[in-house]
Amino acid sequence: MSSPVTELGAKKKHTPYVPESMEMKEFTLRAILLGLFMTVVLGAANAYLGLRAGITIAATYPAAVIAMAAMRAWKGSLLEENIARTAGSIGESVAAGAIFTIPAFLLSKAWPSFRPGEAYWKSTALIMVGSILGVLFISLVRRGMVEDPELPFPESLAASEIHKAGQRGAQAAKYLFWNIGLGGIVYILGKFGLFAADADFHVGVGSLGRSQVRLGTAGSTQVVATGGTTVFAAPSVSPAYLGVGYIIGVRLASIQFAGSVLAWGLMVPLLIFFLGPQLRAYIPADTPDNWANMADAVWRYIVRPIAVGGMLVGAAYTLFRMRASLTAGLGKALADLRQTADQQAKLARTERYMSSKTVFGLIALMFVLMCAIYVRISGLFWPAILAAVVMILVGFFFATVSGNLVGFIGSSNNPISGLTLSTLLIAALLMVALGVSGGSGVAAVLGVAAVVCVSSAVAGELLQDFKVGYILGGTPQKIQAAELIAVVVASLVMYFPLMLLHEGSIKAGGVGFGGAELPAPQAGLMATLAMGIVGHEMAWPLVVVGILFGIAMIMMQVKSPMLVAVGMYLPFGTTFAIFVGGVFRSIGDWVAERRGFNSAQKARVENAGVLVASGLIAGEALLGLVWAGLQFVPSWGAPNHPPQIFSNPSYLVGGMIVLAGLAALMIFVPGSAAGDPDEPAPPTAIM
């Protein structure tokens, strides 16, 4: 006998916005070209942001707004807008998977350099295979998950409502485009020396030569000489960092900033205080600049491994809390695989997916290619084949998990780095069990992690796009085709922004990946773990301290131990600026409340604010790539820096004025979008 739920479900058939019987332009050349343009631009911007701040921002909403504006100008259809947004948003996921893992090959010294001749084909092959597998894996489980009433798909609903809103989305584009220009101008003026974007303040921790700690009662001879100088950074005047803080809000920004406060307000000063007399022997003179370098070394080589332990616990805890979702996702995947060909035949336009035979055939082809890539990268045969098998099994599992999590919390909150860490640990322990060590083992482990990371990120984003298409009435088969084209293009070009940023940083006097300009926290963590487990180079006592610290945070019911640990890993000025951006968001909300806005007006203000912040992020990211490229011009690279407006630009005057201007922009400009209180509420921009 049928259950009430079944009977109810049979009566309530889903009706898409565009009826399945209606013929409408969808998979067109202009939609694909617009999507490919957006996927390259938004992917490169997120690569820049992720390497600098350890965070990527979901591209679904900006891509929807840009597609809306362009297609309205070209008199395009709603389904063309959907295809353009689908292809345009996937670049962010490809970028996230790439920046979380590809720099780790260089940081672990598995690759000797990141020059095109050494790294292009390897990076591109790993990213492309991972991206295509992400599309294929989620294609096997899409139907049950997209139609599951238990999965709310918050970002998919928002994106579909934005497309439906039509004219409002096109008008909102001005907030994005104007602030792309403004963010780029502010960034480049800082680089030209109109103002100082960063400032360090030196603080004495005791007095070297006079301070001491007595380890005993009064008169005891057990005296430890102490004292030194530490450093605190002011918030970076960065449109991108401020925009990130605005989008994630003050609550999450505070949690991350708390990690930096622990690192630079507790651990570094404490270590400098006790190690000062010993550290003095390693610096040429007792000057503030040299002490600043030593404080940075203490943070980089002592505090950061502790943060690695905290991130490990944070990742494990995140997966543990989502154990019910993981089990449900795997169950749905297995159930969907048991569907027969007859059940999939005679489907309406809105239910046409790529055939299972094609999907499985392409997965088999990707497996063969992956075996060849792993053998080539690691120089091993059977361990590389086994690594490829592990990648296929774990990759499918985590792609399903990623899709299920996106259904609950959206792609912005999808813990891709946590899933990748779990994969890396499995692969690393497997290599150790096989007796593999050294650079070959590290390369094999990172190869597995890279493919799984990219595939999981792409799978989550594609499932989100499937849901938007399901709501709007798009053809799934055409969405899959658009995604496959987009991930191939994104994979072919993603190496170049990474190379540009890395080599540009070196030519400007930095160290590239892992330096102050490009901390790449997730990739640094992957490299540390791979070397520690396979290469036996991990500072285990420090990592164990971090693990215990992570457990303590869980016991104290800290909201996100992972975010705290990431805050410890990132530079203080970066997290401080992100926190300030979150404060700007809170002040803007308070102003809206004081002005008596109703819920519809507040939703419009929120949408405009997210677009302003997204524009600032994209503007700095794009000009940051241009600036990195200019470092290859001999007259621009170190030590021959380009002409400066001021030889000694000021942070306290110039930097603070710019920061105040950005504050006014982010607080008051969104309020101008409140509109009339009688207007209906628009869809809320969920990032």
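Just so we're clear, the structure is a prediction, and the values are computed from it rather than from any experiment.

1. Here's the deal with the overall build of the protein
Then comes step 1: Counting its regular elements, the protein contains 22 helices and four strands.
Then comes step 2: Evaluated residue by residue, the protein yields a buried proportion of 58% over its 687 residues.
Then comes step 3: Here the contacts in the protein between residues at least 6 apart in sequence split such that 86% fall between residues at least 24 apart.
Then comes step 4: Roughly 27100 Å² of accessible area belongs to the protein as shown, and the carbon and sulfur atoms make up 65% of that amount.

2. Some details on helix 4 (residues 78-107)
Then comes step 1: Compared with the 44 Å implied by 1.5 Å per residue over 30 residues, the 45 Å span of helix 4 between its first and last C-alpha is a close match.
Then comes step 2: Of all the bends in helix 4, the greatest, near 35°, is centred on I99, and the proline P103 appears no more than four residues after it.
Then comes step 3: Following helix 4 by one or two positions, K109 has its phi on the positive side, about 65°.

3. Quick look at the confidence of the model for the protein
Then comes step 1: The share of residues in the protein with pLDDT of 70 or more is 87%, and the mean pLDDT across the chain is 82.
Then comes step 2: Confidence, read as mean pLDDT per element, is least for helix 1 (residues 4-11) in the protein (41) and greatest for helix 22 (residues 651-668) (94).
Then comes step 3: Confidence over residues 1-11 falls short of pLDDT 50; this stretch has one contact with residues more than four positions distant or in other chains.

4. Things to note about the packing of aromatic side chains
Then comes step 1: Per the stated rule, a full pass over the model turns up 16 aromatic pairs.
Then comes step 2: On the numbers, 4.9 Å between centres and 20° between planes, the contact of F257 with F576 is stacked. Of this pair, F257 sits in helix 8 (residues 239-279) while F576 sits in helix 20 (residues 572-594), and the two are 319 residues apart along the sequence.
Then comes step 3: Taking the relative accessible area as the measure of exposure, F257 reaches 12% and is therefore buried.

5. A short note on the side chain of T86
Then comes step 1: With respect to the helices and strands, the residue T86 is situated in helix 4.
Then comes step 2: The buried category is assigned to T86, whose relative accessible area is 0%.
Then comes step 3: Once you skip the residues sitting within four places of it in the chain, T86 turns out to touch D465, I479 and E483.

6. Thoughts on the pairing of strand 4 (residues 228-233)
Here is the key point about a regular strand: its side chains alternate between the two faces of the sheet.
Then comes step 1: Along strand 4, five of the six residues are buried, which leaves the element largely enclosed by surrounding structure.
Then comes step 2: Bridge count for strand 1 (residues 200-205) against strand 4 is six bridges, and the pairing is antiparallel. Bridge pairing in strand 4 places D200 opposite A233.

7. As for the environment of F232
Then comes step 1: Tracing the backbone through its elements, the reader meets F232 in strand 4.
Then comes step 2: Look at F232 and you get partly exposed, because its relative accessible area is 26%.
Then comes step 3: C-alpha separation for the pair F232 and G573, spaced 341 residues apart in sequence, amounts to 8.2 Å.
Then comes step 4: Filtering out sequence-adjacent residues up to four positions away, F232 remains in contact with A199, D200, F201, V203, W264, G265 and F572.

8. So, the nonpolar core
Then comes step 1: Among the nonpolar cores identified, the biggest contains 205 residues, and I102, F114, L126 and Y374 are the most heavily contacted of them.
Then comes step 2: With 18 residues, helix 15 (residues 438-472) is the largest single contributor of residues to this core.
Then comes step 3: Those residues within four positions of L126 in sequence are excluded, and the remaining contacts are I102, F105, W111, M370, I373, Y374, I377, G447, A450 and V451.
Then comes step 4: One finds V18, L79, A159 and L472 within the second-largest nonpolar core, a separate group that totals six residues.

9. A few points about the pattern of salt bridges
Then comes step 1: Under the counting rule described, the total for this entry stands at nine salt bridges.
Then comes step 2: Across the salt bridge formed by E517 and R52, the nearest N and O atoms sit 3.9 Å from each other. In this pair, E517 sits in the loop between helix 16 (476-507) and helix 17 (521-533) while R52 sits in helix 2 (residues 29-53), placing the two residues 465 residues apart along the sequence.
Then comes step 3: For R52, a relative accessible area of 11% puts it in the buried group.
Then comes step 4: The salt bridge involving R85 is made with D465; its shortest N-O contact spans 2.8 Å. Here R85 is found in helix 4, whereas its partner D465 is found in helix 15, with 380 residues between them in sequence.

10. Focus: the packing of helix 4 against helix 17
Then comes step 1: Across the interface, helix 4 lies against helix 17 with an axial gap of 7 Å and an inter-helix angle of 50°. One way to sum up the angle between helix 4 and helix 17 is to call them oblique. For the pair helix 4 and helix 17, the crossing hand works out as right-handed. In this structure, helix 4 contributes I99, F100, T101, P103, A104 and L107 to the contact, and helix 17 contributes Q522, A523, G524, M526, A527 and M531.

11. Details of the packing of helix 8 against helix 19 (residues 561-569)
Then comes step 1: Two elements in contact, helix 8 and helix 19, have axes separated by 7 Å at closest approach and are oriented at 50°. Comparing their axes, helix 19 and helix 8 come out oblique. The crossing of helix 8 and helix 19 is right-handed. Residues L252, I255, Q256, G259, S260, L262, A263 and M267 of helix 8 pack against L563, V564, V566, G567 and M568 of helix 19.
Then comes step 2: The residue inventory of the contact of helix 8 with helix 19, partitioned by class, reads nine nonpolar, four polar and no charged.

12. Description of unusual backbone geometry
Then comes step 1: Phi at A520 takes a positive value of approximately 45°, unusual for a residue other than glycine.
Then comes step 2: Unusually for a residue other than glycine, Q557 sits at a positive phi of about 60°.
Then comes step 3: For Q557, the position within the fold is in the loop between helix 18 (540-555) and helix 19.

13. Some details on empty space enclosed by the protein
With a probe scaled to a water molecule rolled over the atoms, the places where space remains empty come into view.
Then comes step 1: All chains considered together, the criterion is met by three cavities of 30 Å³ or more.
Then comes step 2: Lining the largest cavity we find G588, V591, A592, R595, F597, V605, I667, F668 and G671.
Then comes step 3: Only helix 20 and helix 22 provide two or more residues apiece to the lining of the largest cavity.
Then comes step 4: By residue number, the principal contributor to the lining of the largest cavity is helix 20, which donates three residues.
Then comes step 5: Split into classes, the residues belonging to the lining of the largest cavity amount to six nonpolar, two polar and one charged.
Then comes step 6: The volume enclosed by the second largest cavity comes to roughly 40 Å³.
Then comes step 7: Together, T350, Y353, F466, G469, Y470, G474, P476 and I479 line the second largest cavity.
Then comes step 8: At the level of elements, helix 15 and helix 16 are the ones that each hand at least two residues to the lining of the second largest cavity.

14. Some remarks on helix 17
Then comes step 1: For helix 17, which comprises 13 residues, the first-to-last C-alpha distance of 18 Å matches the rise-based estimate of 18 Å (1.5 Å per residue) to within 8%.
Then comes step 2: In terms of burial, helix 17 is largely enclosed, as twelve of its 13 residues are buried.
Then comes step 3: Taken together, the buried positions of helix 17 are P521, Q522, A523, G524, L525, M526, A527, L529, A530, M531, G532 and I533.

15. Examining a nonpolar patch on the surface
Then comes step 1: A cluster of nonpolar side chains, namely F201, L652, V653, M656 and I657, defines an oily patch on the protein surface of about 500 Å² accessible area.
Then comes step 2: Ranked by the residues each element gives to the nonpolar patch, the list is headed by helix 22, at four residues.
Then comes step 3: Its location among the elements puts F201 in strand 1.

16. So, the environment of M294
Then comes step 1: Within the secondary structure, M294 is located in helix 9 (residues 288-321).
Then comes step 2: In the structure, M294 is positioned 18 residues away from G276 in sequence and 9.4 Å away in space, judged by C-alpha atoms.

Procedures and definitions
Residues numbered from 1 in each chain as written. Predicted model: local features only at pLDDT ≥ 70, side-chain atom pairs only at ≥ 80, totals over all residues. Heavy atoms only, no water. Helix = DSSP H or I, 4+ residues; strand = E, 2+ residues; numbered from the N terminus. Buried < 20%, exposed > 50% of the residue type's maximum accessible area, 1.4 Å probe, protein only. Contact = heavy atoms within 4.5 Å. Areas by Shrake-Rupley, 256 points an atom, 1.4 Å probe, with all protein chains shown as cover. Expected span 1.5 Å × (residues − 1). Bend = angle between axes of the 7 residues up to and from the residue. pLDDT = per-residue confidence, 0-100. Phe/Tyr/Trp six-rings, centres within 6.5 Å; stacked < 30°, edge-to-face > 60°. Pairing = 2+ DSSP bridges. Core = buried A, V, L, I, M, F, W, Y, C linked by side-chain atoms within 4.5 Å. Salt bridge = Lys/Arg side-chain N within 4 Å of Asp/Glu carboxyl O. Axes fitted to C-alpha atoms, helices over the stretch in contact; angles between N-to-C directions. Parallel < 35°, antiparallel > 145°, perpendicular 65-115°, else oblique. Left-handed = near helix turned anticlockwise from the far one by under 90°. Nonpolar A, V, L, I, M, F, W, Y, C, P; charged D, E, K, R; others polar. 1 Å grid on protein atoms, 1.4 Å probe; cavity = no way out; pocket = protein on both sides within 12 Å on 5 of 7 lines; lining within 4 Å. Points joined across faces, edges and corners; volume = space filled by probe spheres on them. Patch = residues over 30% accessible without salt bridge, like charges linked within 9 Å, V, L, I, M, F, W, Y side chains within 5 Å.

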